[in-house]
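As a plain string of letters, each chain reads:
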Amino acid sequence: MFYLYSLTTMYAELHCLSNFSFQRGASHPRDLVQRAAELGYTALAITDECSLAGVVKAHVAAQEYGIKLIIGSELNLEEGIKLLALAPNRAAYSELSGLISMARRRSPKGEYRVSLRDVIFHLKRCLLIWLPVDNSDTSRAYGQQLRRLCKERLWLGVSHLRHGNETQRYLQFLELATSLDIPMLACGNVQMHHPRCKPLHDVITAIAHNTSVDQLGRLRHSNSQQHLRPIDKLCKLYPAALLQIHRTPMSFSSYSLIR
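Residue numbering note: each chain is counted from 1, following its sequence as written. Predicted model: local features are reported for residues with pLDDT of at least 70 only, side-chain atom pairs are reported and counted for 80 or more only, and whole-chain, interface and lining totals are derived from all residues. Where side-chain values are given, they derive from all heavy atoms of the structure, hydrogens and water being excluded.

Comments concerning the layout of surface pockets
Going by this rule: The way it works is a 1 Å grid over only the protein atoms, where trapped points that fit a 1.4 Å probe form a cavity and open points with protein on both sides within 12 Å along at least five of seven lines form a pocket, and then any residue with an atom within 4 Å of a point lines it. Grid points are joined across faces, edges and corners, and a volume is the space filled by probe spheres set on the points. Helical segments are the DSSP runs of H or I of at least four residues, strand segments are the runs of E of at least two, and each set is numbered from the N terminus. Each residue receives one of three labels: charged for Asp, Glu, Lys and Arg, nonpolar for Ala, Val, Leu, Ile, Met, Phe, Trp, Tyr, Cys and Pro, and polar for the others, Gly being one of them.
Roughly 370 Å³ of volume is contained in the largest pocket. Together, 18 residues line the largest pocket, and L131, P132, S159, R169 and N189 are the ones closest to its centre. Listing elements by their share of the lining of the largest pocket, those giving two or more residues are β6 (154-158) and α6 (166-180). If you tally residues by element for the lining of the largest pocket, the top one is α6, at three residues. Split into classes, the residues belonging to the lining of the largest pocket amount to six nonpolar, eight polar and four charged.

As structure tokens, this is what we get:
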């Protein structure tokens, strides 16, 4: 899959883990914000897993580098659903922080437990990005439920990480999104600010799985594409409509972002 066009609008990365996502993210929030600003991004979402721990340092860096900060969190639900919850205003931020606190309190230290019912009941104002793993009947059923209960604030996120099956995956998700009438957008699934952090990422992955780097095998990311990539490279990977910021949930004319 190869696209080439002139991107005249601005890009915001909406899925980014910092090193506050324990044993997953390899970069400090400040480094992520600085790199996003250097690449000309108009905004960056810090979406640590069931956590807001990285947003304070990201907020300070965002003010310094003049980039908009979007506060959010990645949630892996008990049903096997992965969602990104983004807070477009203070009321939504309050909802999200409350849900995270509840999910952590009901679980042992270092873990969390949250269900789709929790999300539907507690996140009335947050914007949601659904990250399906496939186009199965189960995924379609959950997508229908999300579409019915979260109308006008739900998107389907797509990542292109050069794993060799990008065209097939994109067409599957395009069919899923079209059949459910859910708009799509680009999500980088970022876990490091620069590709040179890949060796560090391998180390923390080995720690997470209690093994050595040499023994990681397929547990190791196959490449270093989960970093903040230049916009011109993104233009070659995604259809233009998925990169246009006015087509994403972060439309600045519709929502006031927390900074």
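Side note on the packing of helix α1 (residues 29-38) against helix α2 (residues 55-65)
The line we're drawing: Between N-to-C directions, angles span 0 to 180 degrees; the directions come from axes that are lines fitted to C-alpha atoms, helices contributing only their stretch in contact. Each angle receives one of four descriptions, namely roughly parallel if under 35 degrees, roughly antiparallel if over 145, roughly perpendicular if within 65 to 115, and oblique otherwise. Working rule for handedness: look at the near helix, and if it is turned counterclockwise from the far one by less than a right angle, call the crossing left-handed; if clockwise, right-handed. Pairs of residues are marked as contacts when any of their non-hydrogen atoms sit within 4.5 Å.
With their axes 8 Å apart at the nearest point, α1 and α2 run at an angle of 30° to one another. In terms of orientation, α1 lies roughly parallel with respect to α2. Viewed along their axes, α1 and α2 form a crossing whose handedness is right-handed. In this structure, α1 contributes P29, R30, V33, Q34 and A37 to the contact, and α2 contributes K57, A58, A61, A62, E64 and Y65.

Considerations on the side chain of S115
In plain terms, the rule: The buried label goes to any residue with under 20% of its type's maximum accessible area, the exposed label to any with over 50%, and the partly exposed label to all in between, with areas taken from a 1.4 Å probe on protein chains only.
Inspection of the secondary structure assignment puts S115 in the loop between α3 (90-105) and α4 (116-122). Given a relative accessible area of 10%, S115 falls into the buried group. Among all residues touching S115, those that are not within four sequence positions of it are L77, E78 and E79.

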